[in-house]
Amino acid sequence: MSDLGAELEALRARADDALRAAGTTEEVEAVRHALLGRSGELTVLMRGLGQADPDARPALGRLANEIRDHVQAALSARAEELAVGDLAARLQDEAIDMSAPGRPVRIGHLHPVQTLMRDLREVFHAFGFEVFEGPEIETEAYNFELLNIPPDHPARDLWDTLYVAEPGSIELGQPRPAADGTILRTHTSPVQVRAMQALDAPIRVITPGRCFRYEAVDASHASEFFQVEGLVVDRDTSLADLKGMLEEIARALYGRDVRTRFRPGYYPFTEPSVAFDIGCLVCGGSGCPACKRTGWMTILGAGMVHPEVLRNGGFDPEEFQGYAFGMGPDRMTMLRHGIGDIRLFFSADLRFGRQFAEGR
Ligand code: DAH
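Summarised in this report is the structure supplied together with it.

Rules and cut-offs
In this numbering scheme, every chain counts its residues from 1 along its sequence in written order. pLDDT decides what is reported in this predicted model: residues at 70 or higher carry local features, side-chain atom pairs at 80 or more are listed and counted, and totals for whole chains, interfaces and linings draw on all residues regardless. Only hydrogens and water are set aside; all other atoms, that is, all heavy atoms of the structure, feed into the side-chain values. Relative accessible area decides the class of each residue, using a 1.4 Å probe on protein chains only: under 20% of the type maximum gives buried, over 50% gives exposed, and in between gives partly exposed. Counting from the N terminus, the helices are DSSP H or I runs at least four residues long and the strands are E runs at least two residues long. Between any two strands, at least two bridges found by DSSP are needed for them to pair. A pair is scored as a salt bridge if a Lys or Arg side-chain nitrogen falls within 4 Å of a carboxyl oxygen belonging to Asp or Glu. Buried Ala, Val, Leu, Ile, Met, Phe, Trp, Tyr and Cys residues form a nonpolar core when they are joined through side-chain atoms within 4.5 Å. Here a residue-residue contact requires only that any non-hydrogen atoms of the pair lie within 4.5 Å. A cavity here means a set of 1 Å grid points, computed over protein atoms only, where a 1.4 Å probe fits but cannot escape. A pocket is an open set with protein on both sides within 12 Å along at least 5 of 7 lines, and lining residues have an atom within 4 Å of a point. Grid points are joined across faces, edges and corners, and a volume is the space filled by probe spheres set on the points. Polar here means any residue other than Ala, Val, Leu, Ile, Met, Phe, Trp, Tyr, Cys and Pro, which are nonpolar, and Asp, Glu, Lys and Arg, which are charged; Gly is therefore polar. Note on terminology: disulfide denotes any pair of cysteine sulfur atoms within 2.5 Å. Within 6.5 Å between ring centres, the rings of Phe, Tyr and Trp (the latter by its six-membered ring) count as paired, and their orientation is classed by plane angle as stacked under 30 degrees, edge-to-face over 60, tilted in between. Only lysine NZ and arginine CZ atoms are considered, and such an atom sits over a ring when it is within 6 Å of the ring centre and within 35 degrees of the ring normal. Here a helix's expected span is defined as the number of its residues, less one, multiplied by 1.5 Å.

### Notes on the pairing of strand S9 (residues 296-305)
With respect to burial, S9 is a largely interior element, nine of its 10 residues being buried. As defined by bridge partners, strand S8 (residues 270-279) adjoins S9 across eight bridges and the pair is classed as antiparallel. In the strand pairing of S9, Asp277 is matched with Thr298. Inspection of the sheet shows S9 paired to strand S10 (residues 321-327) by five bridges, in the antiparallel sense. Bridged to Gly303 within S10 is Ala324.

Encoded structure:
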């Protein structure tokens, strides 16, 4: 065999060795380059064929082509083998162990005020009340006038109001209340009138929601808080019904043994009006700072719906009566958990919030 023939045969053997040794697709590519590249070994040998003895040339040409085909096939085969191996290795690497225990997921929970409001919904639901919600952005008419609180009434001082500015007035440097009377509601009582206008008697609704006041914020005052209003309108509804209902509600919320009392109160939209107290949850009635040493805690205001308010809601006070009550879930939550500062509710401090992850 000619020298060139021997070199070709040797090259085949080296190519096979090199491919067997190639462990990655990159290494296979390097072998391809070294053999078949522009100045690769096989390329160079094949270029040398022209100088070979003319008699030996056809046989050498065939051998060279055969070896080139062999090398190309071997390159492809090895490349494919490795690619399959890579995939298998990746599948192995990235395999998910279905039997591994899950990582604990931190599940959130309700804010304690929301928990209390859900409890209220449940208790009232059991007494046949449905939820009727009204807008947080109200008008002075619903927030005041329709509730029998005229513009110059001193009771308006009780509801320090956040007014929405007249469009453009801030830009002019002269902010003034919107001419259409748009305000942030200072209580949920305006929903009484909205409910009466929307529903037929008998009405039995609670109206939970957020309220806003222009308050100097301190441990017991926030400029944003919740209220839950209750309204019943029907024929032959009496103050006795109101008393019985509130006593039952207090027992459902605070236990059968809770002590309760009614005191005279004043609200422009109820007549008569009452304040409803329960025996202090902290001291049990003997007197402590939490109840200002009275032994009692006021949990809501209530009364018989004022005839004027009934009329504003579209009901004839000669035919229909109603009672209403309003409570403060923030304060009730503070009483429930012995929380001393309402600002904690808005603090976004997770150390505070996590204490109320009931049952988790
Ligand atoms: N709206 C009153 C307030 O914000 C609470 C209230 C008192 C609501 C008596 C009532 C009620 O429905 O009858 O202080």
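### Considering the pattern of salt bridges
Going through the model one piece at a time under the given rule, you end up with 22 salt bridges. With a shortest N-O distance of 3.7 Å, Arg68 and Asp69 are connected by a salt bridge. Classification of Arg68 as partly exposed rests on a relative accessible area of 28%. Two residues, Arg210 and Glu224, come together in a salt bridge whose shortest N-O distance is 2.8 Å. Of this pair, Arg210 sits in strand S5 (residues 203-212) while Glu224 is found in strand S6 (residues 224-234), placing the two residues 14 residues apart along the sequence. Judged by its relative accessible area of 27%, Arg210 is partly exposed. Salt bridges sharing partners connect three or more residues here, namely Glu9, Arg12 and Glu66.

### Some thoughts on the nonpolar core
Proteins that are soluble and globular tend to have nonpolar side chains buried together. Counting residues in hydrophobic clusters, the biggest one holds 42 residues, and the most contacted among them are Leu120, Phe124, Phe129, Leu300, Tyr323, Phe325 and Met327. For this core, the elements supplying multiple residues, two or more each, are helix H5 (112-126), S6, helix H8 (239-254), S8, S9, S10 and helix H10 (329-337). Ranked by residue count, the leading element in this core is H8, at seven residues. When neighbours within four sequence positions are excluded, Leu300 is seen to be in contact with Leu246, Val274, Ala275, Phe276, Phe325, Gly326 and Met327. Of all hydrophobic cores here, the second largest spans 23 residues; its members include Phe144, Ala155, Val305 and Ala324.

### Regarding the layout of surface pockets
In this model, the largest pocket occupies a volume close to 1,400 Å³. Together, 49 residues line the largest pocket, and Ser220, Thr298, Ile299, Gly328 and Arg331 are the ones closest to its centre. Looking at the lining of the largest pocket, the elements that each hand over two or more residues are S6, strand S7 (260-267), S8, S9, S10 and H10. Of the residues forming the lining of the largest pocket, the biggest block, seven residues, is contributed by S9. Taken together, the residues of the lining of the largest pocket break down into 26 nonpolar, 14 polar and nine charged. Estimated volume of the second largest pocket: approximately 300 Å³.

### Considerations on the state of the cysteines
Evaluated as defined, the whole model comprises zero disulfides. Lacking any disulfide linkage, Cys283 is separated from the closest cysteine sulfur, that of Cys280, by 3.6 Å. By relative accessible area, Cys283 is classed as partly exposed at 22%.

### Section: the packing of aromatic side chains
Summed over all chains, the structure comprises nine aromatic pairs. Ring centres of Phe124 and Phe325 lie 5.5 Å apart, and the angle between their planes is 20°; this geometry places the pair in the stacked category. Linking Phe124 in helix H5 with Phe325 in strand S10, this pair joins segments that are 201 residues apart in sequence. The pair Phe124 / Phe325 is uniform in exposure class, with both members buried. Through successive ring pairs, a cluster of aromatic residues spans Phe124, Phe129, Tyr323 and Phe325. Over the ring of Tyr142 we find Arg194, and its NZ or CZ is 3.8 Å from the ring centre.

### Focus on helix H4 (residues 57-93)
The end-to-end C-alpha separation of H4 is 53 Å, in line with the 54 Å expected for 37 residues at 1.5 Å each. For H4, every residue scored as buried is listed here: Leu60, Gly61, Leu63, Ala64, Ile67, Val71, Ala74, Leu75, Arg78, Ala79 and Leu82. On its buried face, H4 is in contact with helix H1 (3-21), helix H2 (25-36) and helix H3 (41-47).

Don't take any of this as a statement about function, it's just geometry.
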